[in-house]
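# Observations on chain architecture
These are the residues of each chain, in order.
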Amino acid sequence: MKKPISRIATIHDLCGVGKAALTNVIPVLSIMKIEVCPIPTMILSTHTGGFGSPEIIKCDGYIEKAFNHYKSIDMDFDGIFIGYLGSLENVKATLKFLKSNDIDKQLVILDPIFGDNGSYYKNFNKEYSDSLKELIKYSKVITPNYTESCILCDEIIKESITNDDILTVSRKLYSLGCKDVIITSLPLKDRKKIGTSIYYGKEDRITLIENERIEKSYPGTGDLFTAVLSGYLVNNVSLLEGVERACEFVSYCINKSSEYDYPTKEGVLLEYCLEELFKHTHKHS
């Protein structure tokens, strides 16, 4: 007897304090009526943005052991959400799993988390970003931000871009083997707005979604975006509508959280926002 809900395996890190990674992904997908099967790459007391030096336990070897167990009990997933891997070993373990499965039957979404604002995050380098290109070959959808997109395809990172720039970067990412390319945090010429693009590989065209740029910046919003998008796609909502809904929800979370005076490093007030996501998800049930 098949369980009456979809199931997504989520490879990501887990933060105790600060809304980021699995701390965001699990409640978001759960409210969208999807079972989250977390596969933590590391466990942190807080995320790394502003809380000092967190306590970290690296879950080396866990990805392969977890998937070996799931395979032994014939556990299958409707989707694989690949987020923060953090090491070459974890990239290799994830790649090994993807190679050994019939991924045509699964929705594989890769958020290649390794940089932002024009540079790599601390402890990442070209060797790491190059290793992620192998995972792109097995991904249906990838959701890099603009910085990560340019690094992955060796393009110059610009302060503002045109549609032609977006198309050039998207084509290069598509040539790495994925089916559809979504680029977030695009620096548009209108500095009051921020862009998210969808590149439809088979049709060689882009759709650009523009949102008002909000002054306050919260960690973990990229995780929220990809989690919401994953939920809609697994629930058979179109790519365009899924991206639009994900952008709307992230904007809603930021605006709602901005109503309150607290440190932005703690992330959005997700608990105040999940009801809104439930309402929108229910419309597509």
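Residues numbered from 1 in each chain as written. Predicted model: local features only at pLDDT ≥ 70, side-chain atom pairs only at ≥ 80, totals over all residues. Heavy atoms only, no water.

Within an unreviewed UniProt entry, the label attached to the protein chain reads pyridoxal kinase, and the organism entered is Clostridium neonatale.

## Remarks on the overall build of the protein chain
Keep this limit in mind: Only DSSP runs of H or I covering at least 4 residues are called helices, and only runs of E covering at least 2 are called strands; the numbering of each starts at the N terminus. Atoms counted for the radius of gyration: C-alpha only. Globule rule: 2.2 Å times residue count to the power 0.38. Here the term buried applies to any residue with accessible area under 20% of the maximum for its type, exposed to any over 50%, and partly exposed to those in between, with areas from a 1.4 Å probe on protein chains only. We call two residues contacting when some pair of their heavy atoms lies within 4.5 Å. The Shrake-Rupley method, run with a 1.4 Å probe, gives the accessible areas here. Residue values count only the displayed protein chains as cover.
Within the protein chain one finds nine helices and eleven strands. Against the 2.2 N^0.38 benchmark of 19 Å for 285 residues, the protein chain shows a C-alpha radius of gyration of 18 Å, consistent with a compact globule. Overall, the C-alpha framework of the protein chain stretches about 55 × 40 × 40 Å when taken along its three principal axes. Across the 285 residues that make up the protein chain, the buried fraction comes to 51%. Across the protein chain, the fraction of contacts at a sequence separation of at least 24, relative to all contacts at a separation of at least 6, is 68%. Just so you have it, the protein chain exposes about 13,900 Å², and 50% of that area is on carbon and sulfur atoms.

## Description of helix α2 (residues 62-72)
The following threshold applies: Note that the arc is defined by the directions from the helix axis to the C-beta atoms.
Regarding α2, the residues found buried are Ile63, Ala66, Phe67 and Tyr70. The arc that holds every buried residue of α2, seen down its axis, measures 95°, which confines them to one face. Structural note: α2 exposes Lys65 and Ser72 on the side pointing more than 90 degrees away from its buried face. Elements in contact with the buried residues of α2: β1 (6-17), β2 (34-46) and α3 (88-99). Phi turns positive one or two residues past the end of α2, at aspartate 74, with a value near 55°.

## Comments concerning the sheet that holds β1
The condition is simple: Think of it this way: DSSP has to see at least two bridges between two strands before they count as a pair.
Ordered in space as β3-β2-β1-β4-β5-β8-β9-β10-β11, the nine strands form an open sheet in which the pairing is mixed. Two strands bound the open sheet, and with one partner strand each, they are β3 (56-58) and β11 (205-212). Pairing analysis gives four bridges linking strand β4 (residues 79-82) to strand β5 (residues 107-110), with the strands arranged parallel. Note on β5: the bridge partner recorded for isoleucine 80 is valine 108.

## Comments concerning the pairing of strand β9 (residues 180-187)
Most of β9 is tucked away: seven of the eight residues are buried. Across two bridges, the pairing between strand β8 (residues 141-142) and β9 is parallel. Across the sheet, valine 141 pairs through a bridge with aspartate 180, a residue of β9. Bridge analysis of β9 against strand β10 (residues 193-200) gives six bridges, and the strand direction is antiparallel. The residue of β10 that forms the bridge with valine 181 is tyrosine 199. Here β9 folds back onto β10 in antiparallel fashion, the turn holding five residues.

## What to know about helix α8 (residues 239-258)
The criterion, for reference: Helices are assigned an expected span. That span is 1.5 Å times one less than the residue count.
Its 20 residues give α8 an end-to-end C-alpha distance of 29 Å, which sits within 8% of 28 Å, the value for a rise of 1.5 Å per residue. If you check which residues of α8 are buried, you get Leu239, Gly242, Val243, Ala246, Cys247, Phe249, Val250, Ser251, Cys253, Ile254 and Ser257.

## Regarding the nonpolar core
Which entries qualify depends on this criterion: Residues grouped as a nonpolar core are buried Ala, Val, Leu, Ile, Met, Phe, Trp, Tyr and Cys residues, joined through side-chain atoms within 4.5 Å.
Judged by nonpolar contacts, the single largest core of 48 residues is most densely connected at Ile11, Ile39, Phe67, Ile80, Ile82, Leu85 and Leu135. With near-sequence residues (within four places) excluded, phenylalanine 67 lies in contact with Ala9, Ile11, Ile39, Phe77 and Phe97. Among the nonpolar cores identified, the runner-up in size contains 39 residues, and Ile198, Tyr200, Tyr218 and Cys273 belong to it.

## Brief notes about the pattern of salt bridges
Put simply, the rule is: Note on definitions: salt bridges are taken to be side-chain nitrogens of Lys or Arg within 4 Å of carboxyl oxygens of Asp or Glu.
Per the counting criterion, the structure on display carries 16 salt bridges. Lysine 19 is the partner of glutamate 271 in a salt bridge, and the nearest nitrogen-oxygen pair spans 3.0 Å. Note that glutamate 271 is positioned in the loop between α8 and α9 (274-283) and lysine 19 in the loop between β1 and α1 (22-31), a separation of 252 residues in sequence. Glutamate 271 gets classed as exposed once you look at its relative accessible area, which sits at 54%. For arginine 171, the salt bridge goes to aspartate 204, with nearest N and O atoms at 2.9 Å. Placement of the pair is arginine 171 in helix α6 (residues 163-174) and aspartate 204 in the loop between β10 and β11, with a sequence separation of 33 residues. Judged by relative accessible area, arginine 171 falls into the partly exposed class, the value being 40%.

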